[in-house]
Amino acid sequence: LVVSNWTEFRKQVEQIYELCKKNEQGQVATYIPQLGQVDPSNWSVSICTVDGQQLNLGNYQEYFTIQSVSKPFVYAIALDHLGQDTVHKYVGKEPSGKMFNELILNHENKPHNPMINSGAIVTCSLIHSMIDSFGNKPSLVFERTKEYFEKLAGGLHVGFNTSVYISEQETADRNYAISFYLKEHKCFPSNSKLSETLKFYFRCCSLNVSTSVLAAMGSSLANYGINPLTSEKIYKTSSVKNTLSLMYSCGMYDYSGQFAFEVGLPGKSGVSGAMVIAIPDVMGIGLWSPRLGKLGISEDVSIPSI
Ligand code: GLN
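All values derive from a computational prediction rather than experimental measurement.

Caption draft 1: Seen up close, the site of the ligand. Residues in close proximity to the ligand total 13 residues, the closest being Tyr31, Gln67, Ser68, Glu168 and Tyr201. Between the ligand and the protein, one listed contact pairs a nitrogen atom with a side-chain N or O atom of Glu168 at 2.7 Å. Take Asn175: an N or O atom from its side chain is 2.9 Å from an oxygen atom of the ligand. Bound to the protein, the ligand loses 99% of the 300 Å² it would expose on its own.

Caption draft 2: Layout of the sheet that holds strand β5 (residues 159-160). Taken together, three strands build an open sheet; the order of strands is β4-β6-β5 and the sheet is antiparallel. One side of each edge strand has no neighbouring strand; the edge strands of this open sheet are β4 (64-65) and β5. As paired strands, β4 and strand β6 (residues 207-209) are joined by two bridges and run antiparallel to one another. Bridging from a neighbouring strand, Phe64 pairs with Val209 of β6.

Caption draft 3: Broad picture of the pairing of strand β3 (residues 54-58). Taken together, the five bridges between strand β2 (residues 44-49) and β3 define a ladder with antiparallel strand orientation. By the bridge assignment for β3, Cys48 is matched with Gln54. Here β2 folds back onto β3, and the loop between the two strands holds four residues, one of which, Gly52, carries a positive phi near 85°.

Caption draft 4: Expanded view of the pattern of salt bridges. The full count for this structure, using the stated rule, is eight salt bridges. Note that Glu147 and Arg144 form a salt bridge whose closest N and O atoms lie 3.2 Å from each other. Within this pair, Glu147 and its partner Arg144 are both found in helix α4 (residues 138-152), separated by three residues, close to a single helical turn. Linking Glu232 and Lys151 is a salt bridge whose minimum nitrogen-to-oxygen distance equals 3.9 Å.

Caption draft 5: Local environment of the sheet that holds β2. Taken in spatial order, the five strands make up an open sheet running β3-β2-β9-β8-β7, and their pairing is antiparallel. The open sheet has two edge strands, β3 and β7 (267-269), and neither has a second partner. Pairs of neighbouring strands in the sheet enclose a mean axial angle of 10°, with direction left out of account. On the sheet, helix α1 (residues 6-21) packs against β2, β3 and β9 (283-288) and is oriented at approximately 25° with respect to β3.

Caption draft 6: Structural view of the packing of aromatic side chains. If you walk through the whole model with that rule in mind, you get 11 aromatic pairs. Ring centres of Trp6 and Phe9 lie 5.3 Å apart, and the angle between their planes is 45°; on these two criteria the pair is classed as tilted. Of this pair, Trp6 and Phe9 both sit in helix α1, three residues apart, which is roughly one turn of that helix. Here the two residues Trp6 and Phe9 agree in accessibility, since each one is buried. Linked through ring pairs, Tyr31, Phe100 and Tyr253 together constitute an aromatic cluster. The ring of Tyr148 has Lys151 sitting right over it, with the charged end atom 5.7 Å from the ring centre.

Thresholds applied
Residues numbered from 1 in each chain as written. Predicted model: local features only at pLDDT ≥ 70, side-chain atom pairs only at ≥ 80, totals over all residues. Heavy atoms only, no water. Near = heavy atom within 4 Å. Polar contact = N/O pair within 3.5 Å; in protein donor to acceptor, adjacent residues only side chain to side chain. Areas by Shrake-Rupley, 256 points an atom, 1.4 Å probe, with all protein chains shown as cover. Pairing = 2+ DSSP bridges. Helix = DSSP H or I, 4+ residues; strand = E, 2+ residues; numbered from the N terminus. Salt bridge = Lys/Arg side-chain N within 4 Å of Asp/Glu carboxyl O. Axes fitted to C-alpha atoms, helices over the stretch in contact; angles between N-to-C directions. Contact = heavy atoms within 4.5 Å. Phe/Tyr/Trp six-rings, centres within 6.5 Å; stacked < 30°, edge-to-face > 60°. Buried < 20%, exposed > 50% of the residue type's maximum accessible area, 1.4 Å probe, protein only. Lys NZ or Arg CZ within 6 Å of the ring centre and 35° of its normal.

Below is the structure:
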């Protein structure tokens, strides 16, 4: 067993959970109005080890939108089908040191990495216009992508939040601005369509998950692409390796360096307050607390002493 003394482990995680529950700092994101409707006191944690042991705390059955936690999983799909050389012709591998939705490109006029909005929008355009087996039609591309998420969830339900999707589309000026900036700098493959790419990006962000789902998804990365609950091989090992590297260096936007310093694990945050952590060979962790710090992520990583 990866965690041999499960009872003791559970006790320690419960203690940390309770201590963190007392932290009421931070604000729920409101720039997507529908996200602002969420009860800020939600707090759930789930763990799924690479040998399939599961732990769930708080309201782990409650669903929320995955938001940017979709980015590493979408990037891994692109790698799986197109290979790293093709994908990285379009997107870099360096942290940007800027906010997630910054209008900025690297010195080669590419988005800095696939974990920020600009890079994820480009990754979405690659999936939409370059993976022929996905059908090249918006409905089919989304269906194939959602199937990946369902496999990663190991049989747990993955939903779609229509209200958040509509809300985000209505208030998407910044993501439109980023996309036109990308188009101006010829960042997209020649046959890609900006409006379809953006809709696909918003759809990926509007997938509905719980922390149990996120833990199962994270454990699939921790287990080199094989979901521990179903034993299904979902991603190529090389895709997982690249994804974990960029989660480690870029997964927390302009907090990535500090997160790597303090926690030292590959992770990804989202504006819904969702977070996934993958500890290679050990476990996936899913967390959800809608309150965010001033950088727009779940940034207070100081672990209380127990
Ligand atoms: N859908 C959000 C956006 O594009 C995702 C951002 C995030 O989770 N940080 O703004």
